[in-house]
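# Secondary and tertiary structure notes
Here are the chains, one letter per residue:
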Amino acid sequence: MRTLPVILDVDTGVDDALALLFAVKHPAIDIRAITCVAGNAPLGQVVDNTLRVLDAVDAPLIPVAAGASRPLLAPARSASHVHGENGLGGIELPATRRKPEGVGAVELMRRTLMGSDERITLVALAPQTNLALLLRTYPEVTDRIERIVFMGGSAGVGNATAVAEFNVWHDPEAASIVLSSGVPIFMYGLDVFTQVSVPQDAAAALAAGNDPLGRVVGSLLGNRIALSEDESLVYTGLIGDAGAVCALVEPDALVVEKRPVRVELSGYGRGQTIVDRRRYSGEDRLHGGIGDWTVIDIALDVDASRYADLFLETLDLAG
Ligand code: RIB
Ligand code: CA
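A quick note: this is a predicted structure, and the numbers were derived from the prediction, not measured. Residue positions are given per chain, counted from 1 along the sequence in the order it is written. Each chain is given a letter, starting from A, and each ligand a number, starting from 1, according to the order in which they appear as written. Restriction of local features to residues with pLDDT of at least 70 applies here, the model being predicted, together with a cutoff of 80 or more for giving and counting side-chain atom pairs; totals for whole chains, interfaces and linings are based on all residues. In computing side-chain values, all of the structure's heavy atoms are included and hydrogens and water are not.

### Comments concerning the coordination of the calcium ion (ligand 2)
Defined as follows: Here the term donor refers to an N, O or S atom within 2.8 Å of the metal (or 3.2 Å for Na, K and Ca), and because water is left out of the atoms, sites may appear incomplete.
Coordination of the calcium ion (ligand 2) by the protein involves Asp11 (OD), Asp16 (OD), Asp16 (OD), Leu125 (O) and Asp241 (OD), with metal-donor separations of 2.2 to 2.6 Å. Positions of the donor residues of the calcium ion (ligand 2), expressed as sequence spacing, correspond to D-x4-D-x108-L-x115-D.

Written out as structure tokens, the structure is:
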């Protein structure tokens with residue numbers, strides 16, 4: 001029985017596609033709406049990719065809406081070096097007859113939240129521009145949100161920069177607005193995101209197999225994100241954003257701590273989620289310069305193979 005109502009905010013994207021497939025197939029997840037934002041690819045491409053992915057998994061007619069085409073302040077910067085020119089690693093899914101809603105993402109989120117007789121979990125798998133615009137335009141929705149689960153940030157190293165993760169780096173002001181919204185927040189950051197992968201031979205077998213969904217999943221998993229001339233530093237098999245959706249249904253596979261967090265908005269560290277893991281007050285608190293921190297739940301470790309297995313089993317691709 002679908003007991004967990006969610007709105008997914010995506011920048012589809014190779015791993016957003018994996019997250020969408022998982023969310024549609026998992027029996028507990030009740031997708032009420034999907035909203036799109038520029039990030040991995042330009043907005044129009046994100047919307048088209050999202051609709052095509054929903055077709056690939058024969059999803060029900062879930063409302064999908066287009067949102068922000070760029071961050072609040074910074075210019076849009078695609079991640080084609082990671083997700084390819086078409087945002088899906090070059091994988092060509094069949095054209096779709098699905099159409100986005102005639103309203104924008106913020107309006108679709110507002111009416112979905114206000115029209116629900118139960119609180120809804122917002123799952124942000126992309127730059128948080130849509131969420132920030134929603135919270136600023138319609139603050140009354142905050143008590144209709146169960147919590148915000150976001151893929152983003154890092155308590156350690158970054159990916160977009162040495163210290164910043166792509167989603168937060170792409171729109172740090174938006175992430176800061178979401179953090180200060182008063183809504184309970186759960187961060188699924190790079191600390192766990194980079195751990196959960198499917199072995200390359202399993203992905204290759206799916207890509208070459210007879211199952212149409214398996215071929216799509218295997219091809220997406222096999223997207224080679226070359227981060228370096230050194231072929232050994234290529235990310236492959238990551239389920240990426242799908243791990244944040246796994247966290248909705250099996251949170252006990254994670255090590256989670258409540259920690260103060262802030263988003264750096266200037267300098268080289270712009271977009272960094274600074275996580276205070278000290279177990280004592282330092283000079284900053286003693287001298288009053290603590291700044292605007294928010295205490296949130298942060299996933300700091302994961303039973304990676306459990307999420308990889310959950311992902312494949314839910315898609316009925318476990319072999
Ligand atoms: O840093 C990884 C995140 O940025 C993922 O959500 C990926 O899809 C991109 O949006
Ligand atoms: Ca994403």
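Still more to cover.
### Comments concerning unusual backbone geometry
Selection rule: Counting from the N terminus, the helices are the DSSP runs of H or I reaching at least four residues and the strands are the DSSP runs of E reaching at least two. The buried label goes to any residue with under 20% of its type's maximum accessible area, the exposed label to any with over 50%, and the partly exposed label to all in between, with areas taken from a 1.4 Å probe on protein chains only.
The phi dihedral of Asp58 falls on the positive side, at around 55°, and the residue is not glycine. Here Asp58 lies in the loop between helix 2 (43–56) and strand 3 (64–66). On the basis of relative accessibility, which here comes to 67%, the residue Asp58 falls in the exposed class. Its identity is not glycine, yet Asp316 carries a phi of approximately 60°, on the positive side. On the basis of relative accessibility, which here comes to 65%, the residue Asp316 falls in the exposed class.

### Observations regarding the site of ligand 1
Rule in force here: We call a residue near a molecule or strand whenever a single non-hydrogen atom of that residue lies within 4 Å of it. In the analysis that follows, any N or O atom pair within 3.5 Å is treated as a polar contact, provided that within protein one partner can donate a hydrogen and the other can accept it, and provided that, for residues neighboring in sequence, both atoms belong to side chains. For every accessible area listed, the method is Shrake-Rupley and the probe measures 1.4 Å; residues are considered covered only by the protein chains on display. Residue classes follow a fixed rule: Ala, Val, Leu, Ile, Met, Phe, Trp, Tyr, Cys and Pro count as nonpolar, while Asp, Glu, Lys and Arg count as charged, and any other residue, Gly among them, counts as polar.
As a matter of local geometry, ligand 1 sits amid 13 residues, with Asp15, Asn159, Glu165, Asn167 and Asp241 nearest to it. Contact distances for ligand 1 include 2.6 Å between an oxygen atom and a side-chain N or O atom of Asp15. In the environment of ligand 1, an oxygen atom lies 2.8 Å from a nitrogen or oxygen atom belonging to the side chain of Asn159. Across the complex, the protein chains shield 96% of the 280 Å² of accessible surface that ligand 1 would expose by itself. Those elements that place two or more of their residues in the shell around ligand 1 are helix 1 (14–25) and helix 6 (166–170). Considering only residue class, the shell around ligand 1 consists of 4 nonpolar, 4 polar and 5 charged.

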